[in-house]
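# A look at the structure
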Amino acid sequence: MSRDKLDLIRAACPSVLPSLLLCDFGDLKGELARLEDAGTKVLHLDVMDGHFVPNMTYGMPIVEGIRKHSDLPMDVHLMISDPLKYAQPMVDAGADLLTFHVEAVDDAATVAREIRSMGVAVGVALNPETELSRLDGCLDEVDLVLAMSVKAGFGGQKFNPVALEKLASLKQLHPDLLLEIDGGINLETIALARAAGCDLFVVGSAIFKHDDYAAAIAALDDEIAGALS
Ligand code: DX5
Ligand code: ZN
């Protein structure tokens, strides 16, 4: 249980978070070592249930397996219909930050409070078509907002700039919230997200399609550093 990992996540900002969706699961230990050597400070894990999204990935055993081979903070993105049902098992498996989708729940404030009571940090995510006003009433209960720049469910989709407007509004109105973006982030889009006030940048294809993760992450870091803010 590790709300203190939230301090590590904050200290890492701005930071590129590799999304393990596209990694080689046959060599998870090796992939984690390569990512750590490449300077990764926080891992992003995509959990999909085949119900909230039309794709399935993995659950607690993989999260637990990753925890065995890495001490890095784990940001677990729950793309599932019933986040509270699996929140405690995910915490037990080693998650440090649990992010649920506002579209999946009736009362986001209550869900956020319950997750926080489990001793981890909590984030709320919203899909591109979801209005920011859906977050009304829950922002005091969360540490992070994840603005999806693709519809949750698959890696390798095209960036949707609607996320940028949401990030810019959130940055202005809630400067203390951690802001994260996920989907279609690459060398062309990452600086736009930074300029909009984003702190954490989830990246799948733009890292894993390269053999040299360190070079891919360094190039993304350079774009973040060069962004106008
Ligand atoms: C999409 C996932 C993402 C995805 C990002 O539903 O939440 O984390 O893996 O992959 P890219 O960077 O390829 O869009
Ligand atoms: Zn994700």
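See the structure printed just above.
A short tour of the structure in this document, coming up. The structure displayed is predicted, hence computed values, not measured ones.

Thresholds applied
Residues numbered from 1 in each chain as written. Chains lettered and ligands numbered in written order. Predicted model: local features only at pLDDT ≥ 70, side-chain atom pairs only at ≥ 80, totals over all residues. Heavy atoms only, no water. Helix = DSSP H or I, 4+ residues; strand = E, 2+ residues; numbered from the N terminus. Buried < 20%, exposed > 50% of the residue type's maximum accessible area, 1.4 Å probe, protein only. Donors = N, O, S within 2.8 Å, 3.2 Å for Na, K, Ca; no water. Tetrahedral: all angles 85-135°; square planar, octahedral: opposite > 155°, others 65-115°. Near = heavy atom within 4 Å. Polar contact = N/O pair within 3.5 Å; in protein donor to acceptor, adjacent residues only side chain to side chain. 1 Å grid on protein atoms, 1.4 Å probe; cavity = no way out; pocket = protein on both sides within 12 Å on 5 of 7 lines; lining within 4 Å. Sits in = over half its atoms within 2 Å of the grid points. Pairing = 2+ DSSP bridges. Axes fitted to C-alpha atoms, helices over the stretch in contact; angles between N-to-C directions. Contact = heavy atoms within 4.5 Å. Points joined across faces, edges and corners; volume = space filled by probe spheres on them. Nonpolar A, V, L, I, M, F, W, Y, C, P; charged D, E, K, R; others polar. Expected span 1.5 Å × (residues − 1). Arc of directions from axis to C-beta. Parallel < 35°, antiparallel > 145°, perpendicular 65-115°, else oblique. Left-handed = near helix turned anticlockwise from the far one by under 90°.

Further remarks concern the overall build of the protein chain. A count of helices and strands for the protein chain gives nine helices and eight strands. The principal-axis extent of the C-alpha atoms belonging to the protein chain is close to 45 × 40 × 35 Å. Out of the 229 residues in the protein chain, the part that is buried amounts to 54%.

This part covers the coordination of the zinc ion (ligand 2). Protein coordination of the zinc ion (ligand 2) is provided by His44 (NE2), Asp46 (OD), His77 (ND1) and Asp182 (OD), with donor distances spanning 2.0 to 2.3 Å. Taken together, the six donor atoms surrounding the zinc ion (ligand 2) define angles of 66 to 168 degrees at the centre, an arrangement classified as octahedral. Look at where the donors of the zinc ion (ligand 2) fall in the sequence and you get H-x1-D-x30-H-x104-D. Pair noted here: Asp46 is in strand β2 (residues 43-48) and His77 is in strand β3 (residues 74-79), with a separation of 31 residues, a long-range link.

Turning our eyes to something else, we now look at unusual backbone geometry. With an omega dihedral of -5 degrees, the bond running from Cys13 to Pro14 counts as a cis peptide bond. By the element assignment, Pro14 lies in the loop between α1 (5-12) and β1 (15-18).

On to the site of ligand 1. Around ligand 1, 21 residues are found, and the nearest of them are Asp46, Gly153, Asp182, Gly204 and Ser205. Taking Gly184, its main chain carries an N or O atom lying 2.8 Å from an oxygen atom of ligand 1. Comparing atom positions with the cavity grids shows ligand 1 to sit within the largest pocket. With three residues, β2 is the single largest residue contributor to the shell around ligand 1.

The strand order β1-β8-β7-β6-β5-β4-β3-β2 describes an open sheet built from eight strands, whose pairing is parallel. The open sheet has two edge strands, β1 and β2, and neither has a second partner. The average undirected angle you get between the axes of adjacent strands in this sheet is 25 degrees. Relative to the sheet, α1 contacts β1, β4 (97-101), β5 (121-126), β7 (178-182) and β8 (200-203), its axis offset from that of β7 by approximately 70 degrees.

Another aspect to go through is the layout of surface pockets. Reported here for the largest pocket is a volume of approximately 340 Å³. If you trace the largest pocket, you find 28 residues lining it, with Gly155, Gly156, Gly183, Gly184 and Ser205 closest to the centre. Looking at the lining of the largest pocket, the elements that each hand over two or more residues are β2, β3, β8 and α8 (205-208). For the lining of the largest pocket, the per-class residue count stands at 13 nonpolar, twelve polar and three charged. One number sums up the size of the second largest pocket: a volume of about 200 Å³. Taken together, 14 residues make up the lining of the second largest pocket; nearest its centre are Val47, Met48, Asp49, Ile80 and Tyr86.

Relative to the 16 Å expected for twelve residues at 1.5 Å per residue, helix α6 (residues 162-173) spans 17 Å between its end C-alpha atoms, a close match to the ideal helical length. Those residues of α6 that fall on the buried side of the exposure criterion are Ala163, Leu164, Lys166, Leu167 and Leu170. Viewed along the axis of α6, the buried residues span an arc of 160 degrees, placing them on a single side of the element. Facing away from the buried side of α6, by more than 90 degrees, are the exposed residues Glu165, Gln172 and Leu173. On its buried side, α6 packs onto β5, β6 (144-148), β7 and α7 (190-195).

On to the packing of helix α2 (residues 28-37) against helix α3 (residues 60-69). Helices that pack against each other are described as a pair by the angle of their axes relative to one another and the distance between those axes. It is the contact of α2 with α3, at a shortest axis distance of 10 Å, that shows an interaxial angle of 55 degrees. Taken together, the axes of α2 and α3 lie oblique to each other. α2 and α3 meet at a crossing whose hand is right-handed. Packed against α2, whose contacting residues are Leu28, Lys29, Leu32 and Glu36, the element α3 presents Ile62, Ile66 and His69 at the interface. Of the residues in the contact of α2 with α3, the class split is four nonpolar, one polar and two charged.

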